[in-house]
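Residue-level listing of the chains:
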There are 2 protein chains.
Amino acid sequence: MEESRDMVIIGGGPGGYVAALRAAQLGRRPLLVEEHRVGGVCMNWGCIPTKFLLHQTALLRELRTNKRLSGPLDGVTCDWKRVQEDRVRIIDRLVKGTEFLLEKNGVERVKGRAVLLDERRVRIASEEGERVVEAGTVILAAGSRSADLPFLKADGRRVITSREALELDPPPGSLLVVGAGAIGLELGSVYARLGTKVTVLEILPGILPGSDREMATRLERLLKSQGLSLFTRMRIERAVETPEGVRLEGACLKNDTPFSFEAERVLLAAGRVPNADTFLERPGLLDLDRGFVRVDERLRTSLPGVYAVGDLVGGKLLAHKASHEGILAAENASGADRHRDDSALPLAVFTAPEYASVGLSEEEARERVPGFLTGTFSLQANGRALTMDAAEGLVKLIAGPDDVLLGAHILAPGASDMIPELTLAVRLRLKLRDVSETIHIHPTISESIAEAALKAKGLALHALNTGRF
Amino acid sequence: MEESRDMVIIGGGPGGYVAALRAAQLGRRPLLVEEHRVGGVCMNWGCIPTKFLLHQTALLRELRTNKRLSGPLDGVTCDWKRVQEDRVRIIDRLVKGTEFLLEKNGVERVKGRAVLLDERRVRIASEEGERVVEAGTVILAAGSRSADLPFLKADGRRVITSREALELDPPPGSLLVVGAGAIGLELGSVYARLGTKVTVLEILPGILPGSDREMATRLERLLKSQGLSLFTRMRIERAVETPEGVRLEGACLKNDTPFSFEAERVLLAAGRVPNADTFLERPGLLDLDRGFVRVDERLRTSLPGVYAVGDLVGGKLLAHKASHEGILAAENASGADRHRDDSALPLAVFTAPEYASVGLSEEEARERVPGFLTGTFSLQANGRALTMDAAEGLVKLIAGPDDVLLGAHILAPGASDMIPELTLAVRLRLKLRDVSETIHIHPTISESIAEAALKAKGLALHALNTGRF
């Protein structure tokens, strides 16, 4: 027996559940199918728990490095058991809150596995059995999972993914992290602060591949000074199980010399793969592009009435991108005509200090924008940063020759909450002057944003305007 | 013998030294006269040292309240001597940096006292003796000082101002703070965290007079839960020196009952008075308005060629307002025609959490903007805030009936660095939609800004849209 539904959404992560909420606001009646827990990887095993562990261990690091405390500091440790309990508690609270919002908005939820049979029909397997639903609209939001390497597969024991890395209890004595992207650097930081000997191996020439090089290089130096061992251009070729853990062997591409590292555990953080293979009745049902569901700028797939959003469609695999696309898909499926635009899609790495960024890197500007301007401002000259022992940071703005802001990069405490001013500016094509003439509170780190905008024009007040003028 | 100068600036604080830097960029040759230290009250005895003490003691508070640390926490204290040394060190570094910038920009500096003789002539008394300078332009930036009360004058010993409060060593056992403005709440927080019994007395009905009431009330509750005793509508009538310190007596205006509080020290934080009386050769030389120098919207005083900026001209006594006005005055004195506009002048109180604000409060909107909209979002529903134990915060936006943003209020960790997005929006008359459609990083506290903007239109995703819709 087939039932008919207005809208079926496959996947209850930040793409799917937000699409459901927005669709409900528009008068649609979505059915949201999630196999595990509402909130998806982000809320349950990703963004949220990582930020919690980072916050707790940042406090520990602050305790260890602040020279203006006295007393038996060496005896103070993280109550890891309590941290783990509270991690679960906070996530449960967010999941329950999300379930409550879905319910109050009239979104029906099914805990089960969904399979797309064709452009209209979805088969749902749940505890109550199997059913086939005919849907007016389908939104695919099945997310992604951690990628294995050819010779190194996660076993959840010695070779783990970010998911298991949240709850290593006790923290391991040593940890090898494969990949120096956001996940590797954040979880590497957590365990380094807890006393684990952390070694990060990256095959590309720098950490945070794709980022502005000057900013990434500065963050790399800071993380090294915090005790993370970071090695770039490291090609891993073999993984060997040892009595104590795992040994990774390979070659350093800088000089083609072999390397060998051993640790109790290996964290795979070398990218993620889309979950398109988990819900397609047959290959070829949807156009894919290297595993990602191909969509147009309205987030329509190759099947009429079927939309896809989030990690599943590729681009930057970020929760807020998924939510944004979820909103767009829900609106487009309900009569709107909104287009994706990634030119003002921000991202952050929650290390200490945080790194946040939006728009073009200097390297991208050099390729695409003749006559581009840059303005950088060091937190060494920022009063608030000095009062926070955070003077290593940097703000960098990129503008076109017409002064229109094209990119912004902030390495500073709270950078992720400071970038919105610039996301707004990049999205609305505002100019350097729009930012520099906006009064910033003294003393704040964000004053450095205004100074960087002035610097790009040779008009910085709290730095020498060398070079350009 | 008279010498002639292009421009004389009286006062080297954030108004004066920034005016000097900007004037120098415009090809002017300013002579900057400062009696004490470059950077003024803000850098030496105000904003900067307070923020340093707040940062250090916030860490102590975090240590005391975080339940996920274990070990001999009770034995950990603030090394107050070291804090005091580092306070001096950081300020010295900023002052030297500012002196370096002034020098490199060709600004001549004199350590001395300046007196305005008439619209062209300034008499300068320094260690080298006295001279009279004839100036093409004069910019007055002499700042303000702590106000006494009729029956309570600062003696620098038992009755102190914010200046002495920076270096109480050891911290007093008890402290009475007169005035619940930013200075009183910040310094009150510092000493409360150090274990001082702090009592704040405010004559007006709420803390942070002039602020949005809902936000101020919430902050008041939070500060009380942190151990600050806060009393409002308290009219102080007498101060009595006692063997142990000072007793303040008066009446609570709520019910006209008498009160009496005693403490080792009293901090006067009940407003500031302009320093106009310190540099005028004779009263009546300049038009004043209740002691403040009267200026027009181009910052021109009643004397041709004489500008005034900062605390001296009144309005909100904020360092960044002074700097902004310094820039405008330097530009106007050099041929520009820029007008003051306080509609997007942000302010912050650096308590825990911080409170930052720009534009209209809800009370002001109610008076001036028929059909205004409000959107509030509680950090209880913000994932990042939960991971930071900071769910007590609130974001509130005020918009006109045309959706144009008119005010924004943030109570959250890092609020002072989050407000620029909204300062920009208020200044450029952007709409709620401009903010809500800008992608905010997940998980960040600033997502609450986008949610508050959605909420104002009944479209919040992570909260119920009750009330309006």
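Computed from a prediction, not measured in an experiment: that's the story for all the values here.

Turning next to the overall build of chain A. Scanning chain A from terminus to terminus reveals 14 helices and 25 strands. Over its C-alpha trace chain A gives a radius of gyration of 24 Å, about what one expects of a compact globule, namely 23 Å for 469 residues. Its C-alpha atoms give chain A principal-axis dimensions of about 75 × 60 × 45 Å. A buried classification covers 55% of the 469 residues belonging to chain A.

Next up on the list: the relation of the copies chain A and chain B. For the pair chain A and chain B, the best superposition has an RMSD of 0.0 Å and corresponds to a rotation of 180° with a translation of 0.0 Å parallel to the axis. Both chain copies can therefore be described as sitting about a two-fold axis. Of the C-alpha atoms belonging to chain A, the one lying closest to the rotation axis is found on Glu421(A), 1.9 Å away. Both copies present the same face, since 99% of the interface residues in chain A are matched by interface residues at the equivalent positions in chain B.

This part is about the domain arrangement of chain A. Residue and element names in this part refer to chain A. Domain boundaries in chain A define domain 1 (2–146 + 273–340), domain 2 (159–270) and domain 3 (344–455). Taken together, the contacts link seven residues of domain 1 with four residues of domain 3. Here the side of domain 1 that touches domain 3 takes four residues from helix H3 (residues 47–65), the largest share from any one element. Considered class by class, the residues forming the side of domain 1 that touches domain 3 number three nonpolar, no polar and four charged.

This paragraph deals with the interface of chain A and chain B. On the chain B side, the residues contacting the 79 residues of chain A number 78 residues. Taken together, the residues that form the side of chain A that touches chain B break down as 41 nonpolar, 23 polar and 15 charged. Here strand S4 (residues 77–78) of chain A runs beside strand S3 (residues 69–70) of chain B; their pairing, made up of two bridges, is antiparallel. When the bridges of S3(B) are listed, Cys78(A) appears paired with Leu69(B).

Cut-offs and rules
- Residues numbered from 1 in each chain as written.
- Chains lettered and ligands numbered in written order.
- Predicted model: local features only at pLDDT ≥ 70, side-chain atom pairs only at ≥ 80, totals over all residues.
- Helix = DSSP H or I, 4+ residues; strand = E, 2+ residues; numbered from the N terminus.
- Rg over C-alpha atoms; globule rule 2.2 N^0.38 Å.
- Buried ≥ 20, exposed ≤ 12 C-beta atoms within 10 Å, placed from the backbone.
- Least-squares fit on C-alpha atoms with pLDDT ≥ 70 in both.
- Contact = placed C-beta atoms within 7 Å.
- Domains from an automatic or database assignment.
- Nonpolar A, V, L, I, M, F, W, Y, C, P; charged D, E, K, R; others polar.
- Pairing = 2+ DSSP bridges.

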